[in-house]
Structures are given as structure tokens and as C-alpha cells.
Amino acid sequence: MTAAQPLPDPLAGPEGTAAALPEAPRREALYFALRNKKLLIGSAIVGSLLLLGILAPFFFQNGPNERIAPPGLEPSAQYWFGTTQFGQDIFVQFAHGVRSTFLVGVLGGGIGAVIGMTVGFVAGYKGGWIDEILNMITNVVLVLPTLAVLLIIAAYLESRGIVMQSLFIGLTTWPWAARAIRSQALSLSSRDYVDLARLSGFRTHKIILRDIAPNMSSYLFMTFILLFGGSVLAAAGLDFVGLGPTDGMSLGLMMHQAVKWGALQLGVWWWFVPPGLGITAIVGSLYIMNVGLDEVFNPKLREM
Amino acid sequence: MLRFDRVSKVYNVGSFGSDRLTAVREADFEVRRGEVVALIGESGSGKSTLGKMALRIASVSQGTITCDGTDISTLRGNRRLKDYYRRVQGVFQDPFSSYNPVFKADRVFAMVRGEYYRDVPDAQWRAKVHAALETVRLDPQQILGKYPHQLSGGQLQRLLIARALLLDIDYLVADEIISMLDASTRIDVLNLLGDLKARGLGILFITHDLALGNYISDETVIVHKGSIVERGRTEKVFGDPLHPYTKKLLSSVPQFHKKWEEVEAELKAREAADTRIRDYHLPVGQEPPAQLFEADEGHFVQPFPHGARASA
Ligand SMILES: Nc1ncnc2c1ncn2[C@@H]1O[C@H](COP(=O)(O)OP(=O)(O)OP(=O)(O)O)[C@@H](O)[C@H]1O
Ligand SMILES: [Mg+2]
């Protein structure tokens, strides 16, 4: 594998000039990525939870809400995470919950990130009247009474799925991201290297994607993680007020049910600890990955 | 011919663009092919702004800049802009901020290749890059594959000159490209500019260093607070300066055997002794017009009151 070999030494000979070709930086990023502990640990945790969410539900015949066991069992060999007061298998719930949590996070966070980044970059780079119009739209969405809108929408919809929920979350949470990215893009657009990219014949979108965005790649990833976490929490909040998916399970819903049926007072810790840890682990590992990515993409940090 | 026709630049500054700053006021001059024009002025006089307008990086507030007859502000669309940049290139003043810090320094070459020389095979491109590096006295082995923060200011600056030379340009805007170089590379780069000129390039050489301007240029343009105060053939401007600001600038070059006070006193005495009223003298108190007066063939000066001394 190429990444395992040491980097070609620029002083070594004519190979050094290969760096003038476009592939080289990517291979180098991979080289550093595979040696970054934070990135490896973070992606290992996220990866295994993701795998659990994708695969585990296939191994259990019963759904997350089915009452198949004696209620209130402690974690055991048969029921790994124990059972709820209603006799539902918490591990099954957890696996389904992780799955939908990832779905909400990726979809909601992804939609929010795409809109927020597009609006932020264009507003910050273009400036002028384009900036003003985009700012106005951003502010309108920002002050939109989200919950009220959702209540109205919910009244017209027959059933709500996780995809609908994610879509709604994604379409309403982007304004802060757009603002944050706009201000960063604004300050980066006045750098000389952006002017040099223009002198090299780069088009606007190419300058944004190739010169401005890479300079804030960890910032962008951070934005996505925050939007991801925000979507997960927003989904949990919606579940709480009864606007969650009409069927299915999420980590937010699990915590909500645990609290609602007095798991805290009854000391049924295995009911609320797994979903809580699950959310924390997903969002936390993404954060650790972000710190690692920062080191991979910022050549100055590598040497410290 | 790269021609500035009464070009002004006004920046909106302050919160909500409440204040306006005139960085360039009705600048009128031209750069012909095969000629070096030195743009000389103190810090903040608007030199870089003029260069950036010629490169279409800053917009022109008033007036027009034409390149071989085409108003460059009419160049819309990526195709036409690219054609323009194929012929007109620039090297910016600050080499450190001219590089994207997350990429290797030689990406500036790759960018040019990606936009202009897609079809050139690797080997041929490599040869071209090496040749360009050769002309700026850079060792490819030491430069390629390094990040900008691993290179010195002088190396970065020469790399940018090499980049501009990859394209077959007709005009070069060189903003303080010598300032970061040590004496020996400085001579190399000056000689390179001489070669380029001989090859028919027109060079706008921006500097605050009078000796450099005098050494290399055919024409000199002196700017002061955004206005051109004097311009003409270099030997005329340097040999027979007319505007008090030019005189002051020329006499403020440090001399080994004299203190500044002596120089200043001499300057004042000479000024006082010269009682002739010239055609380009204005009544005291009148604002100098932006239009220059042709005092001698091809030697222009901004009219000023008789006996005036430029304030520092
Ligand atoms: N983007 C900008 N926005 C507002 N004002 C600007 C901007 N760029 C330059 N200026 C102002 O315009 C004036 C001229 O600046 P310019 O950079 O052209 O000077 P300069 O002659 O190149 O100086 P130096 O020798 O220090 O490089 C300065 O007063 C500067 O503050
Ligand atoms: Mg400058």
C-alpha cells in the first residue's frame, strides 16, 4: 500500500518533482490520516456504532417496541442491555435507535450543511447585493417559529417518517451555519492567494471549493458535526412533544420513554444509560475525529 | 499598450461604508511593450491599488484601463478573463499571503497547468517548470514539494515570478518583487526583468526604492497620496525633477557624507533662490488639478504653487 511507504523525499531526486502533479497531496493526507490516533480512535467508535446500527436489527426478529420479555430485567447474557418496564429488549431498541439517530444526523445535518455552506460561501465570497439578499433569507429562516410550522405541517401529514423529520430539521437549522461560514469566507476571500487563483483563471465556484473551503476544512467538518448533533437532539426534542416518527425508535425516544416511565426514580439505569452514552459517543467521537482531521489537513500542526 | 485613462479608485471604508477613501485619483499613464515603467511612491500612496486594477482584481471606480485598446472592465465571463490573464500577469507584494497555506507551494504551477496547459504531457511540463525556476535562480530540488511556510520570502517571491513566466505574457505587474531579495539574487532578478523587456514584455515595476526604479526603468511615474505628481522618461524625472515632492524624494536617499538636516536646508535654499515663475506654477492656495502639465517633451508634472514644499 502506498500510504505505508515513507513519503518521497523532495531532495532525493527527480521523483520529488512529482509533487507538482495533483494526486500527490491526497496521498500525503492519507499517509498522515492513517497515523493520527485521534482520527483512528474517533472513526473506530463511530464506525462500530454505525455497523451496529446497520447490521444488528437484522439479527433480531422482533421490533424495538415488541414486548417479548419479562419487564425490568437487569442486563444479562440473554438480554445484553436488560429490558424495559414493558418487557422490551433494550439492546434491540438501542440498535434501532442508533440506526435512526445516524439517519437523522446524516440526513438532517447533511441537508443543513449543504444549504448553510452554499449560502455562507456565496454570500461571503460574492458580497454586495447577493450577500444582502442571502442575509435576508437567512434571517427570515432564523426567526421562523420552527415548532409552530412543524405543528401545521404535522396536521396535514398522514404519517411521519424519520426521513420527513430529517428533512424538516435540515431545512430549518442551517442559518447559524450560513452565518458562521459567511464570516469566515468573507475574511478568507480577501487573501492574496484568492487573487492569485483568479489570476490563474479559476472560476468562482472553483475558488470557493479549491482555495477557500480547504482552508476551513476542519471548521466545515465541525459545522457538520454540530449540525449532526443538533439534528439528533432536535429529533429527540420533537419526539418528546409527540412530533416524532409515528413508528420506529430513536435514541432520543428511548431516553424520553425512560424518563417518562420513571426509570430514574426506579433506578433502572440500563434504560437511560445506553441511549445517553450512545448519543454522547457518536457526537463525541465525531468531535475527536475533527481534531484529528485538523492535524491532518493543516501542515503546520503536523510538525508540533 | 496597457493604458490608464484618468483612473480613480475610491474605497468604501468605515462601518456601513460611511467613509470614502480615494486611493487613486485620476491616474493617467501607460505601459508600452518592451518598456519598464517604474511606479514610485511612499507607503499608502496607491501603488498596489493601481497594479490590482490593471490585473482586474480591484474594480475601477472611474476612468478606464485599456489593454491594447480593449477596456478591461468589459471582459466578462471566464473565457475572456482567462485570455486576458494569459497575456497579463502579476506578482503580488506579499509573498507569504500569496500562497494558500494548506497546499504545497508548487501548487501555483499546477493551477496554471490545470487552466492553461491541460494537454501538455508530464515530462514536457516538468521541463517547462524547471526552465522557469532556472530563470529565477531557484533549485527545483529545494523548492518542489515544500509547503509555503517551509520556504523563505525571497524563494516564495521568485517562485511567483517563475509562475508568471509559465504563461506567454505581454505585460507583467511586479509589485515590490525585489524588496525581499538579497543583493545577489536581486541583481539576478533585475537582469531577468531586463531580459523580459528585451523579449518585448511591458513591465509595471512598483517600488518605493528610487535607486531600483532608476536602475531598471525607461519611464518613471511618481505617485503621492493617490495622485501622480510627475512622470516622464526616467532620465528626465531623475535628472531634472520638477515637482517639490519628487525633489524631496530624490534628496532623501541617504547619503554617506551628509545628515538629513543639511540636505533639507540645501533643498530649501535652492527652492528659495529659484524665483522664476514657471508655467506649471499655481497661485498660492489653489488646489492642484489632476491633469498634468507637459513641462518638457514627454515630461509631465502636476501643477503646484510657486515655492511650495511637499509636506512629508
Ligand atoms: N481593500 C481596501 N479597502 C480599503 N482601503 C484600502 C484597500 N486597499 C488599500 N486601501 C487603502 O488605499 C490606500 C493605498 O493602498 P495601496 O496598498 O495601494 O498602497 P501602496 O502604495 O501599495 O503602499 P505600500 O508601499 O505600503 O505597499 C491606502 O490608504 C490603503 O489603506
Ligand atoms: Mg503596496
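Residues numbered from 1 in each chain as written. Chains lettered and ligands numbered in written order. Predicted model: local features only at pLDDT ≥ 70, side-chain atom pairs only at ≥ 80, totals over all residues. Heavy atoms only, no water.

Caption draft 1: Quick peek at the overall build of chain B. Assigned secondary structure in chain B consists of 11 helices and 14 strands. Rg of the C-alpha trace for chain B: 21 Å, near the compact-globule value of 20 Å for 312 residues, within the 12% margin. Looking at chain B as a whole, 51% of its 312 residues qualify as buried. Residue pairs in contact within chain B that sit at least 24 positions apart in sequence constitute 64% of those at least 6 positions apart. Surface summary for chain B: the accessible area is close to 14,300 Å², and the carbon and sulfur share equals 50%. (Helix = DSSP H or I, 4+ residues; strand = E, 2+ residues; numbered from the N terminus. Rg over C-alpha atoms; globule rule 2.2 N^0.38 Å. Buried < 20%, exposed > 50% of the residue type's maximum accessible area, 1.4 Å probe, protein only. Contact = heavy atoms within 4.5 Å. Areas by Shrake-Rupley, 256 points an atom, 1.4 Å probe, with all protein chains shown as cover.)

Caption draft 2: Representation of the overall build of chain A in the model. Looking only at helices and strands, chain A has 14 helices and 0 strands in total. Mapped from its N terminus to its C terminus, chain A presents α and β elements in the order α-α-α-α-α-α-α-α-α-α-α-α-α-α. Taking all contacts inside chain A whose residues are at least 6 apart in sequence as the whole, residues at least 24 apart take part in 73%. Here chain A displays about 15,200 Å² of accessible surface, and carbon together with sulfur accounts for 68% of that area.

Caption draft 3: Main features of the interface of chain A and chain B. Facing 30 residues of chain A, the contacting portion of chain B comprises 40 residues. Here chain A meets chain B over a buried area of about 3,300 Å², counting both sides, of which 56% is carbon and sulfur. Applying the counting criterion to the chain A and chain B interface returns 4 salt bridges. Here D192 of chain A ties to K52 of chain B by a salt bridge, and the two come within 3.7 Å at their closest N and O atoms. Joining chain A to chain B, the criterion identifies 10 residue pairs in polar contact (both at pLDDT 80 or more). If you list the elements that add at least two residues to the side of chain A that touches chain B, you get α8 (192–199), α9 (204–212) and α14 (299–302) of chain A. (Buried area = accessible area lost by both parts, 1.4 Å probe. Salt bridge = Lys/Arg side-chain N within 4 Å of Asp/Glu carboxyl O. Polar contact = N/O pair within 3.5 Å; in protein donor to acceptor, adjacent residues only side chain to side chain.)

Caption draft 4: Examining the sheet that holds strand β5 (residues 70–71) of chain B more closely. All names here are of chain B. Taken together, the 4 strands give an open sheet; going across it, the order is β2-β1-β4-β5, and neighbouring strands pair in antiparallel fashion. The open sheet terminates on both sides in strands that have one partner only, identified here as β2 (19–31) and β5. For strand β1 (residues 2–13) and β2, the ladder comprises 9 bridges, and the chain directions are antiparallel. If you follow F4 over to β2, its bridge partner there is F29. Contacts from helix α1 (residues 47–54) reach β1, β2 and β4 (62–67) within the one sheet, and its direction differs from that of β1 by about 115°. (Pairing = 2+ DSSP bridges. Axes fitted to C-alpha atoms, helices over the stretch in contact; angles between N-to-C directions.)

Caption draft 5: Region of the structure containing the coordination of the magnesium ion (ligand 2). Residues and elements named next belong to chain B. Summarising the metal site, the magnesium ion (ligand 2) is bound by the protein donors S48 (OG) and Q93 (OE1), whose distances to it range over 1.9 to 2.2 Å. In this pair, S48 sits in helix α1 while Q93 sits in the loop between β6 (88–91) and α3 (107–116), placing the two residues 45 residues apart along the sequence. Exposure remark for Q93: the relative accessible area of 37% places this residue in the partly exposed category. (Donors = N, O, S within 2.8 Å, 3.2 Å for Na, K, Ca; no water.)

Caption draft 6: Structural context of the packing of aromatic side chains. Within this structure, the stated rule accounts for 15 aromatic pairs over all chains. Relative to W261 of chain A, the ring of F86 of chain A lies with its centre 5.2 Å away and its plane at 80°, an arrangement referred to as edge-to-face. Note that F86 of chain A is positioned in the loop between α2 (37–59) and α3 (90–126) and W261 of chain A in the loop between α11 (251–260) and α12 (263–266), a separation of 175 residues in sequence. The exposure class of F86 of chain A is partly exposed, given its relative accessible area of 26%. With a relative accessible area of 43%, W261 of chain A lands in the partly exposed category. Judged by centre distance (5.5 Å) and plane angle (40°), the ring pair of Y117 of chain B and W125 of chain B falls under tilted. Each member of the pair, Y117 of chain B as well as W125 of chain B, is classed as buried. Clustering of aromatic rings is evident, with ring pairs tying together F60, W80, F81, F91 and F94 of chain A. Just above the ring of F300 of chain B sits the side chain of R231 of chain B; from NZ or CZ to the centre is 4.3 Å. (Phe/Tyr/Trp six-rings, centres within 6.5 Å; stacked < 30°, edge-to-face > 60°. Lys NZ or Arg CZ within 6 Å of the ring centre and 35° of its normal.)

Caption draft 7: Spotlight on the site of ligand 1. Residues and elements named next belong to chain B. Residues in contact with ligand 1 amount to 14 residues; listed here are only the nearest, S43, K47, S48, T49 and Q93. Interatomic distance of 2.7 Å between a side-chain N/O atom of K47 and an oxygen atom of ligand 1. Q93 is positioned with one of its side-chain polar atoms (N or O) 2.7 Å from an oxygen atom of ligand 1. Put simply, the parts of the chain that give the shell around ligand 1 at least two residues each are β1, β2 and α1. Counting residues per element, the shell around ligand 1 draws most heavily on α1, at 3 residues. (Near = heavy atom within 4 Å.)

Caption draft 8: Region of the structure containing helix α6 (residues 153–166) of chain B. Along its 14 residues, α6 of chain B runs 20 Å from first to last C-alpha, staying within 8% of the 20 Å computed at 1.5 Å per residue. Burial analysis of α6 of chain B places 14 of its 14 residues in the buried class, which makes it a mostly covered element. (Expected span 1.5 Å × (residues − 1).)

Caption draft 9: Quick peek at the UniProt feature "transmembrane region" (unreviewed entry) in chain A. Residue and element names in this part refer to chain A. The sites that carry the UniProt feature "transmembrane region" (unreviewed entry) are, in the present numbering, residues 39–60, 102–125, 137–156, 162–181, 219–243 and 268–293. End-to-end, the C-alpha atoms of residues 39–60 are 32 Å apart, and along that stretch the chain is 95% helix and 0% strand. Helix makes up 96% of residues 268–293 and strand 0%, whereas the separation of the span's terminal C-alpha atoms amounts to 38 Å. (UniProt positions renumbered as here; feature names shortened; annotations may be inferred.)

Caption draft 10: Molecular detail of the side chain of K82 of chain B. For K82 of chain B, the position within the fold is in helix α2 (residues 78–87). Aside from chain neighbours lying at most four places away, what touches K82 of chain B is G201 of chain A together with E115 and Y116 of chain B.

Caption draft 11: Representation of the pairing of β6 of chain B in the model. Residue and element names in this part refer to chain B. Across the two faces of β6 the burial is the same, with V88 and G90 and Q89 and V91 all buried. Pairing of β6 with strand β7 (residues 171–175) involves 4 bridges; the strand directions are parallel. Residue pairing for β7: V91 is matched across the bridge by A174.

Caption draft 12: Quick peek at the packing of helix α4 (residues 122–135) of chain B against α6 of chain B. Residues and elements named next belong to chain B. Two elements in contact, α4 and α6, have axes whose closest approach is 8 Å; the angle formed by their N-to-C orientations is 130°. Judged by the angle between their axes, α4 and α6 are oblique. The two elements α4 and α6 meet at a crossing, and its hand is right-handed. Contacts between α4 and α6 involve W125, K128, V129, A132, L133 and T135 from the first element and L159, A162, L165 and L166 from the second. Considering only residue class, the contact of α4 with α6 consists of 8 nonpolar, 1 polar and 1 charged. (Parallel < 35°, antiparallel > 145°, perpendicular 65-115°, else oblique. Left-handed = near helix turned anticlockwise from the far one by under 90°. Nonpolar A, V, L, I, M, F, W, Y, C, P; charged D, E, K, R; others polar.)

Caption draft 13: Looking closely at the side chain of E176 of chain B. Residues and elements named next belong to chain B. Following the sequence through the fold, E176 ends up in the loop between β7 and α7 (183–198). Here E176 is buried and forms no salt bridge, its nearest opposite-charge partner K47 lying at an N-O distance of 4.3 Å. Within polar-contact distance, the side chain of E176 engages the side chain of H208 at 3.0 Å. The contact partners of E176, leaving out residues within four places of it in the chain, are K47, Q93, Q157, I206, T207 and H208. (Lys, Arg positive; Asp, Glu negative; His and termini not counted.)

Caption draft 14: Here's a closer look at the confidence of the model for chain B. Residue and element names in this part refer to chain B. Here chain B averages 89 in pLDDT, while 97% of its residues score no lower than 70. Ranking the elements of chain B by mean pLDDT puts helix α11 (residues 260–273) last, at 78, and α1 first, at 96. With pTM at 0.80, the complex prediction returns an ipTM value of 0.89. (pLDDT = per-residue confidence, 0-100.)

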